[in-house]
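Each chain is listed here by its residues.
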Amino acid sequence: MKIFADQNIPFASEAFSTLTTNAEVVLFDGRTVTNEQLLDADVLMVRSVTKVNKSLLADSKIKFVGSATIGTDHIDLEYLDSENISFANAPGCNATSASEYVVCGLLNHARLNNISLSEMKVAVVGYGNVGSRVVQKLNALDIKTFIYDPPRSSRHDDVDYVDWQHVMSCNVVTAHVPLTRTGDYPTKLMFNAEFFAALPEDCLFINTSRGGAVDEAALLKQLETKKINLILDVWQNEPSINTTLLAKTEISTPHIAGYSFDGKLRGTEMIYRAACQQLNVQASWDPSLVLAEETKGNILHYAAQGIEDVAGLYSLLNEAYSIEADCQRLIDTMTLDTEQRSQQFDLLRKHYPVRREFSYYRVSSVSISAKEISLLAKLGFNMSL
């Protein structure tokens, strides 16, 4: 059995080679893979950079496609269904790390602009796997948080949802939506000229969802007359992103918000187990053994400066994950020509440093209050010391 897997899926060979006794794992470049390469493939494992459709799969033997991603906008699900090709993705695999990215970005913004967390009114657009975790962490920080998600609001759950007008009145908006083009609430270019015009001056807009949800031309036009602070992790036309927009951001990163080691490994595990179920084989690859090998340097020393001290809390989070370092790596590509910048965008993702989620770290402090222990635990840190 030939299993073709994106070379950037972590531990692809180790995991997928256990699917059958005669498994042959072939690694490929997700951006350049062709139909001809896949003609003798039985299983295909991709990431979001590969468009899986008829032109890619025509005349192949593929009967299972897995995507180690939360989204499916790169997958032609109707075509797969018409060809009786099974599909699985990894919803929620990177939700924790993406929510940690948002918290680090918010605290960095507050620190740089001398803003207290109590001044923030944050609209979370999209209350799925990522958005719900963002809300949980913002609630831990006692930040006023408002949720917008029309499809979910119709289910009459116990969440208090707000309307679109309320979203545009907040001084922070963070986007956590899939990219959809049809239905009652399409998200393609939902953050448009009208949206950016209605935002308050000096607000903060964060996008870690999909670049296609933002009308970048409209945003750039609005930036000519209004100050909008930007934290952007996703872009239109990746990897050839708009450098004019990049230059106007407070934080800009190369689509890595959810790129924790834990999240990527979780994505591999989810599609691996789905393939095992499809092939009716017993799962034998154990990712917990991989995680168990990573145990060094997981003690953080918190110099308690008071829970209201944004700088103190950011300093601790920065030990676990430096969002500024990720930003600088992308900024450093600005001097390259267009082709080199595009190549470097992908290389920054391919060779992304090992980043662990907050739960990996145990926090130690000589003197730490019960309130501080509770806050850090709610943010996800291990407070067992």
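Thresholds, definitions, all that
- Residues numbered from 1 in each chain as written.
- Predicted model: local features only at pLDDT ≥ 70, side-chain atom pairs only at ≥ 80, totals over all residues.
- Heavy atoms only, no water.
- Helix = DSSP H or I, 4+ residues; strand = E, 2+ residues; numbered from the N terminus.
- Rg over C-alpha atoms; globule rule 2.2 N^0.38 Å.
- Buried < 20%, exposed > 50% of the residue type's maximum accessible area, 1.4 Å probe, protein only.
- Contact = heavy atoms within 4.5 Å.
- Lys, Arg positive; Asp, Glu negative; His and termini not counted.
- Charge placed at Lys NZ, Arg CZ, Asp CG, Glu CD.
- Salt bridge = Lys/Arg side-chain N within 4 Å of Asp/Glu carboxyl O.
- Core = buried A, V, L, I, M, F, W, Y, C linked by side-chain atoms within 4.5 Å.
- Pairing = 2+ DSSP bridges.
- Phe/Tyr/Trp six-rings, centres within 6.5 Å; stacked < 30°, edge-to-face > 60°.
- Lys NZ or Arg CZ within 6 Å of the ring centre and 35° of its normal.
- Axes fitted to C-alpha atoms, helices over the stretch in contact; angles between N-to-C directions.
- Parallel < 35°, antiparallel > 145°, perpendicular 65-115°, else oblique.
- Left-handed = near helix turned anticlockwise from the far one by under 90°.
- Nonpolar A, V, L, I, M, F, W, Y, C, P; charged D, E, K, R; others polar.

**Student:** I would appreciate a short explanation of the overall build of the chain in the present structure.
**Tutor:** When its secondary structure is counted, the chain shows 16 helices and 13 strands. What you see for the chain is a C-alpha radius of gyration of 21 Å, in line with the 21 Å of a compact globule of 385 residues. Counting only C-alpha atoms and orienting by the principal axes, one finds that the chain spans roughly 60 × 50 × 50 Å. Relative to its 385 residues, the chain shows a buried fraction of 50%. Taking as baseline every contact in the chain between residues at least 6 positions apart, the subset at least 24 positions apart corresponds to 61%. Positive and negative side-chain charges in the chain, numbering 34 and 47 respectively, have mean positions lying 1 Å apart.

**Student:** It is not clear to me how the pattern of salt bridges should be interpreted in this structure. Could you clarify?
**Tutor:** Any two side chains of opposite charge can pair, given that their charged atoms come close. Under the defined criterion, the tally for this structure stands at 13 salt bridges. Two residues, Arg210 and Asp73, come together in a salt bridge whose shortest N-O distance is 3.0 Å. You can see Arg210 sitting in the loop between strand S9 (203–207) and helix H9 (216–223) and its partner Asp73 sitting in the loop between strand S4 (64–67) and helix H3 (77–82), a full 137 residues away along the chain. For Glu224, the salt bridge is made with Lys221, and the minimal N-O distance between the two is 3.5 Å. Of the two residues examined, Glu224 and Lys221, each falls in the exposed class.

**Student:** Which parts of the structure should I look at to understand the nonpolar core?
**Tutor:** Grouped burial of nonpolar side chains is what soluble globular proteins tend to show. Formed by 51 residues in total, the largest nonpolar core has its most connected members in Leu317, Leu376, Leu379 and Phe381. Those elements that place two or more of their residues in this core are helix H4 (95–113), strand S6 (121–125), helix H5 (129–140), S9, helix H13 (310–320), helix H14 (323–331) and helix H16 (370–379). Here the element with the most residues in this core is H4; it accounts for 9 residues. When residues no more than four places from it in sequence are discounted, the contact partners of Leu376 are Tyr302, Leu313, Leu316, Val363, Ile368, Phe381 and Met383. Core analysis: the next-biggest nonpolar cluster, separate from the first, contains 32 residues, Val173, Val177, Leu199 and Phe345 among them.

**Student:** Teacher, can you tell me more about unusual backbone geometry here?
**Tutor:** Peptide bonds are trans in most cases, and residues, glycine excluded, mostly fall at negative phi. Cis peptide bonds are those with omega within 30 degrees of zero, and the linkage from Glu238 to Pro239 qualifies with 5°. As for its position among the elements, Pro239 is in the loop between strand S10 (228–232) and helix H10 (243–246). The residue Asp59 is not glycine, and still its phi comes out positive at about 70°. Mapped onto the secondary structure, Asp59 falls in the loop between helix H2 (54–57) and S4.

**Student:** I would appreciate a short explanation of the pairing of strand S3 (residues 43–46) in the present structure.
**Tutor:** Residues in a regular strand project their side chains so that they alternate between the two faces of the sheet. Of the two faces of S3, both are covered, the one formed by Val43 and Met45 as well as the one formed by Leu44 and Val46. Pairing between strand S1 (residues 2–6) and S3: 3 bridges, direction parallel. Pairing of Ile3 across the sheet is with Val43, part of S3. The pairing of S3 with S4 spans 4 bridges and is classified as parallel. The residue of S4 that forms the bridge with Val46 is Ser67.

**Student:** Can you help me understand the packing of aromatic side chains in this one?
**Tutor:** Two descriptors summarise a pair of aromatic rings, namely the distance from one centre to the other and the angle between the planes of the rings. This structure, assessed with the given rule, holds 15 aromatic pairs. Each ring, one from Phe195 and one from Phe196, has its centre 5.0 Å from the other, and the planes form 75°; the classification is edge-to-face. Above the ring of Tyr321, the side-chain terminus of Arg355 is found at 3.9 Å from the ring centroid. Note that Arg356 overlies the ring of Tyr360, its terminal NZ or CZ placed 4.1 Å from the centroid.

**Student:** Got a minute to help me understand the side chain of Thr253 in this structure?
**Tutor:** By secondary structure assignment, the location of Thr253 is in the loop between strand S11 (251–252) and helix H11 (261–279). Among the residues examined, Thr253 registers a relative accessible area of 0% and is labelled buried. For Thr253, the contacting residues outside a window of four places in its chain are Tyr101, Leu232, Asp233, Trp235, Ile323, Asp326, Cys327 and Leu330.

**Student:** Got a minute to help me understand the sheet that holds S1 in this structure?
**Tutor:** Neighbouring strands of a sheet are bound in pairs by backbone hydrogen bonds; such pairs are parallel or else antiparallel. Read across the open sheet, the 5 strands follow the order S2-S1-S3-S4-S5; overall the sheet is parallel. Single-partner strands in this sheet number two, and they are strand S2 (24–28) and strand S5 (86–88). Going from strand to strand, the sheet's axes swing by 15° on average, the running direction of each strand aside. Packed on one face of the sheet, H11 meets S3, S4 and S5 and runs near 165° to S4.

**Student:** Looking at this structure, how should I read the packing of H13 against H16?
**Tutor:** Packing of H13 against H16 brings their axes to within 13 Å, and their N-to-C directions diverge by 45°. As the angle between them shows, H13 and H16 are arranged oblique. Crossing geometry of H13 relative to H16 is assigned as right-handed. In this structure, H13 uses Leu313, Leu316 and Leu317 to contact H16, whose residues at the interface are Leu375, Leu376 and Leu379. For the contact of H13 with H16, a count of residues per class yields 6 nonpolar, no polar and no charged.

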